[in-house]
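Listed below are the residues making up each chain.
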Amino acid sequence: MEKILFMNGSPNRNGNTFTIGEEALKNIEHTILQMADYKVSQYGQVYEDDQIKDIFKEIEKADTLVIGAPIYWYTVGGILKTFIDRLYMLPEAEMLKGKKLYVFAQGSAPNKECYDNITYLMKRVATLMDMELKGLAIGADSEKAKIIKELNIK
Ligand SMILES: Cc1cc2nc3c(=O)[nH]c(=O)nc-3n(C[C@H](O)[C@H](O)[C@H](O)COP(=O)(O)O)c2cc1C
């Protein structure tokens, strides 16, 4: 059976990102990973208690990743952005190859630049990591149903 991992990229463990992800995965078996529970240093910083490898222990078990993020400053929030930065030159990032990916981002009032920036970023991440981008949805936190419909998790 397909194993799905929902990665909540918001510092709010029960906020809009989490609610949308859980609603999109209603009646679909999945595991939740709260990215905010992991201490992940910035690219180039070296801390002994860095936990990026613990995140990859969960990713390894999954066939499909559903990644959600709040929009901060017209792009994905820092938790997800730091994770993406860390993929560079990280041997574990090889694990992403061939996995299916659904991504959504939501903000209080996303403008065109938010759509453009996040679409470009996440498409490039999927291509460069050799992942199959199955769904990408961006919208306002007031339009949860629209985001879930667009994401179309199957
Ligand atoms: C630092 C910061 C920057 C933000 N920047 C944007 C933004 O550029 N565009 C937008 O639509 N919303 C922006 N927001 C609003 C959040 O994206 C919005 O409240 C979101 O629903 C929070 O998701 P969460 O409940 O999962 O944490 C920002 C919020 C914060 C805290």
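Data block above holds the structure.
Our subject in this report is the structure included herewith. (Residues numbered from 1 in each chain as written. Predicted model: local features only at pLDDT ≥ 70, side-chain atom pairs only at ≥ 80, totals over all residues. Heavy atoms only, no water.)

1. Examining the side chain of Thr 82
With respect to the element layout, Thr 82 can be found in helix α3 (residues 78-86). Filtering out sequence-adjacent residues up to four positions away, Thr 82 remains in contact with Val 40, Ser 41 and Gln 42. (Helix = DSSP H or I, 4+ residues; strand = E, 2+ residues; numbered from the N terminus. Contact = heavy atoms within 4.5 Å.)

2. Some remarks on the pairing of strand β6 (residues 132-140)
Pairing of strand β5 (residues 100-107) with β6, which is carried by eight bridges, proceeds in the parallel orientation. The residue bridging Lys 100 from the neighbouring strand is Glu 132, located in β6. For the handedness criterion, the β-α-β arrangement of β5, helix α4 (residues 112-128) and β6 is classed as right-handed. (Pairing = 2+ DSSP bridges. Right-handed = clockwise from strand over helix to strand, strands pointing away.)

3. A short note on the site of the ligand
If you check the shell around the ligand, you find 16 residues, and the closest are Ser 10, Asn 12, Thr 17, Ile 71 and Gln 106. Between the ligand and the protein, one listed contact pairs an oxygen atom with a side-chain N or O atom of Gln 106 at 2.6 Å. In the complex, the protein chains occlude 72% of the 650 Å² of accessible area that the ligand would expose alone. Broken down by secondary-structure element, the contributors of at least two residues to the shell around the ligand are α1 (16-24), β3 (64-72) and β5. If you tally residues by element for the shell around the ligand, the top one is β3, at three residues. (Near = heavy atom within 4 Å. Polar contact = N/O pair within 3.5 Å; in protein donor to acceptor, adjacent residues only side chain to side chain. Areas by Shrake-Rupley, 256 points an atom, 1.4 Å probe, with all protein chains shown as cover.)

4. Looking at the nonpolar core
The biggest cluster of nonpolar side chains holds 33 residues, and the ones touching the most others in it are Met 7, Ile 59, Leu 65, Leu 80 and Phe 83. Among the elements of the structure, β1 (4-8), α2 (52-60), β3, α3, β5 and α4 are those that each provide at least two residues to this core. Ranked by residues supplied to this core, first place goes to α4 with six residues. Membership of the second largest hydrophobic core comes to 14 residues, among which are Ala 24, Tyr 102, Ala 137 and Leu 151. (Core = buried A, V, L, I, M, F, W, Y, C linked by side-chain atoms within 4.5 Å. Buried < 20%, exposed > 50% of the residue type's maximum accessible area, 1.4 Å probe, protein only.)

5. Some words on the environment of Lys 61
Along the chain, Lys 61 falls in the loop between α2 and β3. In this structure, the C-alpha to C-alpha distance between Lys 61 and Gln 45, residues 16 residues apart in sequence, is 27 Å.

6. Points about the environment of Ile 79
Locating Ile 79 in the fold gives a position in helix α3. By relative accessible area, which is 27% here, Ile 79 ends up partly exposed. Residues Ile 79 and Ile 4 lie 75 residues apart in sequence; the distance between their C-alpha atoms is 20 Å. Apart from residues lying up to four places away in sequence, Ile 79 is in contact with Gly 9, Ser 10, Pro 11, Met 35 and Ala 36.

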